[in-house]
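Next come the chains, spelled out residue by residue.
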Amino acid sequence: SLLPAIVELAEDPKWRVRLAIIEHMPLLAEQLGVEFFDEKLNGLCMSWLIDGVFAIRSAATKNLKHLVSVFGMDWAQVCRMGERKSSDGYTETPLPLTPFQGTAC
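Cut-off values and rules
Residues numbered from 1 in each chain as written. Predicted model: local features only at pLDDT ≥ 70, side-chain atom pairs only at ≥ 80, totals over all residues. Heavy atoms only, no water. Axes fitted to C-alpha atoms, helices over the stretch in contact; angles between N-to-C directions. Helix = DSSP H or I, 4+ residues; strand = E, 2+ residues; numbered from the N terminus. Parallel < 35°, antiparallel > 145°, perpendicular 65-115°, else oblique. Contact = heavy atoms within 4.5 Å. Nonpolar A, V, L, I, M, F, W, Y, C, P; charged D, E, K, R; others polar. Salt bridge = Lys/Arg side-chain N within 4 Å of Asp/Glu carboxyl O. Buried < 20%, exposed > 50% of the residue type's maximum accessible area, 1.4 Å probe, protein only. Expected span 1.5 Å × (residues − 1). Bend = angle between axes of the 7 residues up to and from the residue. Arc of directions from axis to C-beta.

K.L.:
So, the packing of helix α1 (residues 3-10) against helix α2 (residues 15-32): which residues are in play, and what are the values?
P.N.:
The interhelical angle for the contact between α1 and α2, taken along N-to-C directions, is 135 degrees, at an axis separation of 8 Å. What the angle tells us is that α1 and α2 run oblique. Contacts from I6, L9 and A10 of α1 reach α2 at V17, R18, I21, M25 and L28. Residues that form the contact of α1 with α2 fall into these classes: seven nonpolar, no polar and one charged.

K.L.:
With reference to specific residues and values, describe the packing of α2 against helix α5 (residues 54-71).
P.N.:
Between α2 and α5, the shortest axis-to-axis distance is 9 Å and the interhelical angle comes to 5 degrees. Classified by the interaxial angle, the pair formed by α2 and α5 is roughly parallel. On α5, the residues that touch W15, R18, L19, I22, M25, P26, A29 and E30 of α2 are A55, I56, A59, A60, N63, H66, L67, V70 and F71. Grouping the constituent residues of the contact of α2 with α5 by class yields 13 nonpolar, two polar and two charged.

K.L.:
Explain the pattern of salt bridges to me, using residue names and the numbers behind them.
P.N.:
Counted according to the given criterion, the structure contains two salt bridges. R18 serves as the salt-bridge partner of D51, at 3.0 Å between the closest nitrogen and oxygen. In this pair, D51 sits in the loop between α4 (42-47) and α5 while R18 sits in helix α2, placing the two residues 33 residues apart along the sequence. R18 shares its class with D51; the two are buried. Put simply, K40 and E39 hold a salt bridge, and the shortest N to O gap is 3.6 Å.

K.L.:
Could you give me a rundown of α2, with the residues and numbers involved?
P.N.:
Look at α2: 24 Å from first C-alpha to last across 18 residues, which is about the 26 Å you get at 1.5 Å a residue. Along α2, the largest kink reaches about 45 degrees and is centred on M25; proline P26 follows within four residues of it. Residues R18, L19, I21, I22, M25, P26 and A29 constitute the buried set of α2. Close packing links the buried residues of α2 with α1, α3 (34-40), α4 and α5. Phi for G33, located one or two positions after α2, is positive at around 90 degrees.

K.L.:
Let's hear about α1: which residues, and what values?
P.N.:
In an α-helix, one turn spans 3.6 residues, which is why side chains three or four residues apart end up on the same side. Listed in full, the buried residues belonging to α1 are L3, I6 and A10. One face of α1 carries all of its buried residues, which in axial projection span an arc of 60 degrees. Of the residues in α1, the exposed ones pointing more than 90 degrees away from the buried face are P4 and E8. Considering only its buried residues, α1 is in contact with α2, α3 and α4.

Structural data, given as structure tokens:
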């Protein structure tokens, strides 16, 4: 299975390595299907939205747009970012992906 390698590269300290994984995620998601993606990779994709590097956050939003085109609007409406504690102690609340509703995929 390639999943452990994908996860390891997706969390690499070098942002360009993470960026390369993000750019391939829609194709991978399409091949794996929505159930497998949601179970194994969705959390990883959501974590990129709060990455410390702007290029990663920007690519993550583009990635989500592509994922919506692969999985459909119903997927986006139920997909949420889990609640997280940030390093400064604030709680980040769940983020529904409804802003993509007006986007042409």
